[in-house]
Amino acid sequence: MDRQPLSPVPSNRLRVRVEGVVQGVGFRPFVHGLATAGGLSGLVGNDTAGVFIEIEGTPGELDRFLAALEGEAPPLAVIDRVETEVISATGGVGFAIVESEPAGERQTLISPDTATCDDCLAELLDPGDRRFRHPFINCTNCGPRFTIIRDVPYDRPLTTMSGFAMCAECRREYEDPGDRRFHAQPVCCPDCGPSLRLIDRDGAPIAGDPVSTAVQLLAAGGVLAVKGVGGYHLAALADREPAVTALRSRKHREDKPFAVMVADLDGARALGTIGAAEARALTSPRRPIVLLRRAAGAPVAAAVAPGNRSLGVMLPYSPLHHLLARDLRAPFVLTSGNVSDEPIAYRDEEALPRLRGIADAFLTHDRPIHIRTDDSVIRVVGGRETPLRRSRGFVPQPVTVVRAFPRPVLGCGAELKSTFCVGKGRRAFVSHHIGDLENYETLQSYVEGIEHFMRVFDIHPEVVAHDLHPEYLSTKLALDLDGVERVGVQHHHAHIASCMAENGLAGEVIGVAFDGTGYGTDGAIWGGEFLVAGYGGFHRRAHLRYIPLAGGDAAVRQPWRPALAYLMDTFGAGAPFEAAPPEHIRVVRRMIAAGVNSTSTSSCGRLFDAVASLAGLRQEVNFEGQAAIELEMIAEVGCAEVYPYGFDGEGPWELGFRPAIESIVRDVSSGVARGRVAAKFHNALAAATVEVCGRIAGETALRRVCLSGGTFQNMRLLGSIVAGLRARGLEVFLHARVPPNDGGIALGQAAIAARLQP
Ligand code: ZN
Ligand code: ZN
Ligand code: FE
């Protein structure tokens with residue numbers, strides 16, 4: 001065969017900058033492997049902005065290298081940006097990993113906590129491996145990150161692993177660029193890592209292997225506290241009614257559903273319906289709780305999720321969970337380790353006293369948790385994941401916004417399901433779920449969380465956004481800050497801006513914000529709002545008709561109160577009503593008639609509550625939104641009948657449900673099934689919503705509609721509204737990065753306060 005003499009192709013040298021989640025995820029060894037496999041010379045290193053590379057080769061080789069750099073990056077890497085610049089070739093040979101450069105402005109991202117990878121799982125289960133059944137096995141592709149990092153750069157001394165000195169064998173792996181554990185900061189083994197302990201309620205050690213003994217205890221119907229990645233959980237076998245009921249009563253948690261962990265996807269299929277998107281979510285490295293439609297005959301006790309057609313299911317995400325799930329061979333409840341609404345316990349010294357009244361024993365260990373982080377909860381909506389609680393596995397991955405924040409910003413969030421958000425450049429870091437800001441402990445972790453995010457992301461807010469509600473602790477905190485500009489942001493404006501921001505929208509949109517409670521600019525409690533909104537401001541174009549909300553918080557706990565208000569609004573002050581004790585009804589009737597201790601509200605949540613009460617479904621709730629969830633759950637599938645509704649007022653229009661209330665009362669008294677009533681109500685609210693959006697679109701020529709607020713966790717309502725809007729040729733935007741509930745508010749506040757785009 002003839003050989004053409006090859007004319008030498010000139011070498012080029014590129015300087016490459018890679019930004020994103022590229023540290024602590026095995027990126028440098030990946031680059032090293034890529035370069036050496038391609039026979040390219042150069043170097044790679046970390047700095048405060050990400051990874052820098054110098055790479056030398058022919059143009060074709062460099063193109064292939066750059067393509068692979070993005071296309072084959074390690075599983076945990078998230079590449080935001082790659083910049084290249086041609087520099088002069090050196091003709092050097094070999095490829096080196098060079099020392100980190102610590103100076104410079106911090107722009108590095110921190111990886112979220114990540115589920116045990118397949119390689120580590122195989123080792124965990126391999127009797128021949130030196131980490132066989134080691135509950136802390138991890139590598140650069142998996143393991144704890146966000147919850148153990150005290151400060152950046154991400155280096156072992158700045159993590160909660162600082163107290164564990166690596167043994168010689170672990171150090172060899174840690175220092176070998178060819179090893180899966182190269183620079184995996186939490187790397188350890190049974191000889192040098194943290195250790196498990198099983199202790200009783202008094203802190204006394206229980207003899208035997210901790211995992212096997214804990215499994216025996218669960219199998220015998222006990223309740224176990226387990227130290228996880230972001231805090232303590234409480235566990236009980238899911239099919240044991242007495243164990244689950246005991247857990248429920250000791251936790252003082254009456255009806256809120258418990259999540260269930262099961263060993264693998266096959267086990268999950270026995271619990272609920274799993275499509276491709278659900279399977280992807282369940283097995284993703286984020287490992288959230290995924291809400292599934294409960295399978296008929298799912299092997300779980302009734303007390304796991306009373307009155308709920310869905311079931312929250314998750315797969316093991318830490319090595320310890322894998323061991324428990326495999327040894328137990330049965331689904332087990334894994335719920336946050338707390339009493340009632342307190343935050344989840346995460347420090348060893350507080351866990352025992354707080355949980356000893358609930359757990360029979362504690363499976364714990366000595367690797368500290370730096371940041372308390374709950375399990376995330378998602379639901380698949382139209383093939384896409386919607387976060388309902390965004391926490392472990394997601395945080396602190398930033399949301400990239402449409403344009404750089406002109407100034408560093410802090411959004412303080414609202415009150416319930418609270419989160420905060422710090423933003424700089426084009427990145428918005430929405431915090432982990434912190435909880436309801438109503439007790440000292442939650443407030444404390446909120447304040448500490450803000451300080452932590454400011455430090456690790458080097459963001460020093462010049463503008464601080466807060467809710468308009470004067471009594472929210474988040475508002476009070478914002479008003480206490482000195483030396484910053486403070487911006488009050490209307491609650492539902494923030495909801496819509498949040499949906500816009502995560503969808504990368506600018507300009508103006510039609511925003512539908514449906515939720516339970518949000519302080520309005522007129523002092524009323526809003527919650528059924530149709531806005532024309534942009535980051536620079538909003539106009540309220542329509543809202544649900546105001547009704548008086550009698551008795552403050554009691555009106556949220558007792559759906560019969562808004563029901564009575566709707567009845568009096570529809571039929572007059574003397575409307576007959578018997579859903580509560582007569583003396584209570586008398587008092588509330590007087591309050592409503594006289595306008596005493598009653599605030600006007602356009603809350604969509606209260607409308608749901610009222611209908612649930614009128615349908616005889618529920619007169620008291622144990623958590624916000626319970627009646628609405630149950631109304632959704634019973635709504636007859638396939639029923640297309642619609643209650644009438646009406647419009648009042650000039651601008652903003654009032655969307656009224658008097659005709660609907662009349663029909664509901666008639667239906668209920670003539671014995672129409674509750675499921676039918678619920679369906680007709682859902683259909684009416686959806687039809688009315690679509691009609692209002694259509695009118696606004698007609699007047700403004702806006703075509704984009706953003707849907708936000710806690711009510712849009714209602715799948716039936718959401719599905720009908722989306723279909724109706726699309727049928728009218730409108731473009732619909734939903735949440736997929738942050739929750740539609742108040743957990744997403746902080747992002748919208750930040751976008752508005754920073755005047756992301758006027
Ligand atoms: Zn791994
Ligand atoms: Zn070791
Ligand atoms: Fe809200």
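Everything below is about the structure printed above this text.
Residues numbered from 1 in each chain as written. Chains lettered and ligands numbered in written order. Predicted model: local features only at pLDDT ≥ 70, side-chain atom pairs only at ≥ 80, totals over all residues. Heavy atoms only, no water.

Undergrad: How should the coordination of the iron ion (ligand 3) be read in this particular structure?
TA: Four donors placed tetrahedrally around a metal ideally meet at 109.5 degrees, and six donors placed octahedrally ideally meet at 90 or 180 degrees. Coordination of the iron ion (ligand 3) by the protein comes from His491 (NE2), His495 (NE2), Asp515 (OD) and Asp742 (OD), over a distance range of 2.0 to 2.2 Å. Metal-centred angles of 88 to 168° between the 4 donor atoms at the iron ion (ligand 3) mark the site as irregular. The class of His491 is buried, set by a relative accessible area of 0%. (Donors = N, O, S within 2.8 Å, 3.2 Å for Na, K, Ca; no water. Tetrahedral: all angles 85-135°; square planar, octahedral: opposite > 155°, others 65-115°. Buried < 20%, exposed > 50% of the residue type's maximum accessible area, 1.4 Å probe, protein only.)

Undergrad: Even after reading the chapter, I still don't get the coordination of the zinc ion (ligand 2), so can you show me in this structure?
TA: Coordination of the zinc ion (ligand 2) by the protein is provided by Cys167 (SG), Cys170 (SG), Cys189 (SG) and Cys192 (SG), with metal-donor distances spanning 2.2 to 2.3 Å. Geometry at the zinc ion (ligand 2) is tetrahedral, judged from its 4 donor atoms and the angles of 105 to 117° they form at the metal. Considered as a linear motif, the donors of the zinc ion (ligand 2) on their single chain read C-x2-C-x18-C-x2-C. Neither Cys167 nor Cys170 differs from the other in exposure class; each is buried.

Undergrad: Explain the packing of aromatic side chains to me, please; I cannot follow it from the model alone.
TA: Each aromatic ring pair is described using two quantities: the centre-to-centre distance and the angle formed by the ring planes. In this structure the tally under the stated criterion is 12 aromatic pairs. Summarising the aromatic geometry, the rings of Phe420 and Phe453 are spaced 5.1 Å apart at their centres and angled 85° between planes, so their arrangement reads as edge-to-face. Within this pair, whereas Phe420 is found in the loop between β17 (409-411) and β18 (421-424), its partner Phe453 is found in helix α11 (residues 440-456), the two being separated by 33 residues in sequence. Taking the centre distance of 6.1 Å and the plane angle of 85° together, the rings of Tyr645 and Phe647 count as edge-to-face. Given the relative accessible area of 25%, Phe647 is considered partly exposed. Positioned over the ring face of Phe258 is Arg248, at 4.1 Å from the centre of the ring. It is Arg695 that lies over the ring of Phe647; its NZ or CZ is 4.0 Å from the centre. (Phe/Tyr/Trp six-rings, centres within 6.5 Å; stacked < 30°, edge-to-face > 60°. Helix = DSSP H or I, 4+ residues; strand = E, 2+ residues; numbered from the N terminus. Lys NZ or Arg CZ within 6 Å of the ring centre and 35° of its normal.)

Undergrad: How should the nonpolar core be read in this particular structure?
TA: Side chains that are nonpolar tend, in soluble globular proteins, to be buried together. If you look at the biggest cluster of nonpolar residues, it comprises 71 residues, and the most contacted ones within it are Phe530, Phe657, Leu685, Leu707 and Leu725. The biggest single contributor to this core is helix α20 (residues 674-700), with 13 residues. (Core = buried A, V, L, I, M, F, W, Y, C linked by side-chain atoms within 4.5 Å.)

Undergrad: Please clarify how helix α16 (residues 582-594) should be interpreted in this entry.
TA: An α-helix turns once per 3.6 residues; consequently, residues spaced three or four apart project the same way. Look at α16: 18 Å from first C-alpha to last across 13 residues, which is about the 18 Å you get at 1.5 Å a residue. Turning to α16, its buried residues are Ile585, Val588, Met591 and Ile592. The buried side chains of α16 occupy one side of the element, clustering within an arc of 125° when seen end-on. Along α16, exposed side chains directed more than 90 degrees from the buried face belong to Pro582, Arg590, Ala593 and Ala594. Of the residues one or two after α16, Gly595 is the one with positive phi, at around 70°. (Expected span 1.5 Å × (residues − 1). Arc of directions from axis to C-beta.)

Undergrad: Where do I start with the sheet that holds strand β6 (residues 196-200) in this structure?
TA: Hydrogen bonds between backbone groups are what pair the strands of a sheet, and the pairing can be parallel or antiparallel. Spatial strand order, β6-β13-β7-β8-β12-β9-β11-β10-β14-β15: 10 strands in an open sheet with mixed pairing. Looking at which strands have only one partner, the edges of the open sheet turn out to be β6 and β15 (384-389). Here the strands of the sheet are splayed against their neighbours by 35° on average, with no regard to which way each runs. Bridge count for strand β9 (residues 259-261) against strand β11 (residues 310-314) is 3 bridges, and the pairing is parallel. (Pairing = 2+ DSSP bridges. Axes fitted to C-alpha atoms, helices over the stretch in contact; angles between N-to-C directions.)

Undergrad: Honestly, the side chain of Thr386 in this entry has me stumped. Any pointers?
TA: Within the element layout of this structure, Thr386 appears in strand β15. What makes Thr386 buried here is its relative accessible area of 10%. Once you skip the residues sitting within four places of it in the chain, Thr386 turns out to touch Val377, Ile378, Arg379, Val381, His735 and Pro740. (Contact = heavy atoms within 4.5 Å.)

Undergrad: Teacher, can you tell me more about helix α9 (residues 319-328) here?
TA: Counted residue by residue, α9 has 8 buried out of 10 residues, so it is predominantly covered. By the burial criterion, the buried members of α9 are Pro319, Leu320, His321, His322, Leu323, Leu324, Ala325 and Leu328. A positive backbone phi angle near 60° is found at Arg329, which sits one or two residues after α9.

Undergrad: I keep staring at the pairing of strand β28 (residues 653-656) and nothing clicks. Help me out?
TA: Along any regular strand, the residues point their side chains to alternate faces of the sheet. With burial as the criterion, each face of β28 is covered, one bearing Trp653 and Leu655 and the other bearing Glu654 and Gly656. As judged from the 3 bridges shared by strand β24 (residues 537-544) and β28, these two strands associate in the parallel manner. Looking at the pairing, His543 lines up with Glu654 of β28. When strand β27 (residues 646-648) meets β28, the two strands line up antiparallel, connected through 3 bridges. Within β28, the residue paired with Phe647 across the bridge is Leu655. Here β27 hands over to β28 after 4 residues, with Gly649 in that stretch at a positive phi of 80°.

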